[in-house]
Amino acid sequence: MPSAPYQARTSYLAEEVRDEVRAEARAESRAEDILLILEQRGLDISEDVRSRVTHCTNPELLRRWLARAVTVPTSPPVTPAPGATWNTRTRRPPGKLCGS
């Protein structure tokens with residue numbers, strides 16, 4: 001029979017995995033909500049935006065995007081606006097939905 005410290009360590013790891021899976025599921029659900037809102041509003045969603053939303057795991061960023069999806073007047077740009085600069089970290093243009 002496994003020792004108590006082994007069982008505690010295993011239980012801790014199992015809980016860590018469960019928490020990670022839950023967080024991933026919440027992020028996936030939020031991303032689906034964002035895309036659904038944009039689609040229902042009749043906005044075109046570029047593959048770049050779709051990919052960025054579906055691959056995002058940052059809950060705060062997804063929350064911001066969800067709020068913006070409700071009010072953004074047009075589809076997010078795929079190229080920077082005149083005078084705008086590319087995000088050097090992501091090498092993507094700034095956008096109304098997917099900024100910073």
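Here the residue numbers are simple positions, counted from 1 along each chain's written sequence. Local features are withheld for residues below a pLDDT of 70 in this predicted model, meaning they are given only at 70 or higher, and side-chain atom pairs are given and counted only at 80 or more; totals for whole chains, interfaces and linings count all residues. Remark: hydrogens and water are excluded; side-chain values derive from all non-hydrogen atoms of the structure.

1. Thoughts on the pattern of salt bridges
Item 1. Basic side-chain nitrogens of Lys or Arg form a salt bridge, by our definition, when they fall within 4 Å of a carboxyl oxygen of Asp or Glu. Counted according to the given criterion, the structure contains three salt bridges.
Item 2. We note a salt bridge from arginine 22 to aspartate 19, for which the minimum N-O separation is 3.4 Å. Here arginine 22 pairs with aspartate 19, and both are found in helix α1 (residues 4–40), just three residues apart, close to one helical turn.
Item 3. Here aspartate 48 ties to arginine 52 by a salt bridge, and the two come within 3.8 Å at their closest N and O atoms. Put simply, DSSP H or I for four residues or longer makes a helix, DSSP E for two residues or longer makes a strand, and each gets a number counted from the N terminus.

2. Observations regarding the nonpolar core
Item 1. Only buried Ala, Val, Leu, Ile, Met, Phe, Trp, Tyr and Cys residues count toward a nonpolar core, and they belong to the same one when joined by side-chain atoms within 4.5 Å. Buried means the residue's accessible area, taken with a 1.4 Å probe over protein chains only, is under 20% of the maximum for its type, while exposed means over 50%, and partly exposed covers the values in between. Ile34, Leu38, Ile45, Val53, Cys56, Leu62 and Trp65 are the most contacted members of the largest nonpolar core, which has 16 residues in total.
Item 2. Mapped by element, the contributors of at least two residues to this core are α1, α2 (47–55) and α3 (59–71).
Item 3. If near-sequence neighbours (up to four positions away) are discounted, leucine 62 is found in contact with Ala27, Arg30, Ala31, Ile34, Val53 and Cys56. Contacts are assigned to residue pairs with any non-hydrogen atoms lying within 4.5 Å of each other.

3. As for the environment of threonine 57
Item 1. Here threonine 57 shows up in the loop between α2 and α3.
Item 2. Given a relative accessible area of 62%, threonine 57 falls into the exposed group.
Item 3. For the pair threonine 57 and alanine 27, spaced 30 residues apart in sequence, the C-alpha separation works out to 5.6 Å.

4. Regarding α3
Item 1. Given a rise of 1.5 Å per residue, 13 residues ought to cover 18 Å, and the 19 Å separating the end C-alpha atoms of α3 matches this to within 8%.
Item 2. Every buried residue belonging to α3 is among Leu61, Leu62, Trp65, Leu66 and Ala69, and all of these are buried. Looking straight down α3, one finds that the buried residues subtend no more than 140° of arc, so they occupy a single side. Turned more than 90 degrees away from the buried face of α3 sit Glu60, Arg63 and Thr71, all of them exposed. To estimate how far a helix should extend, the number of its residues minus one is multiplied by 1.5 Å. Here, the arc refers to the directions that run from the helix axis to the C-beta atoms.

Purely geometric numbers; function is a separate question.
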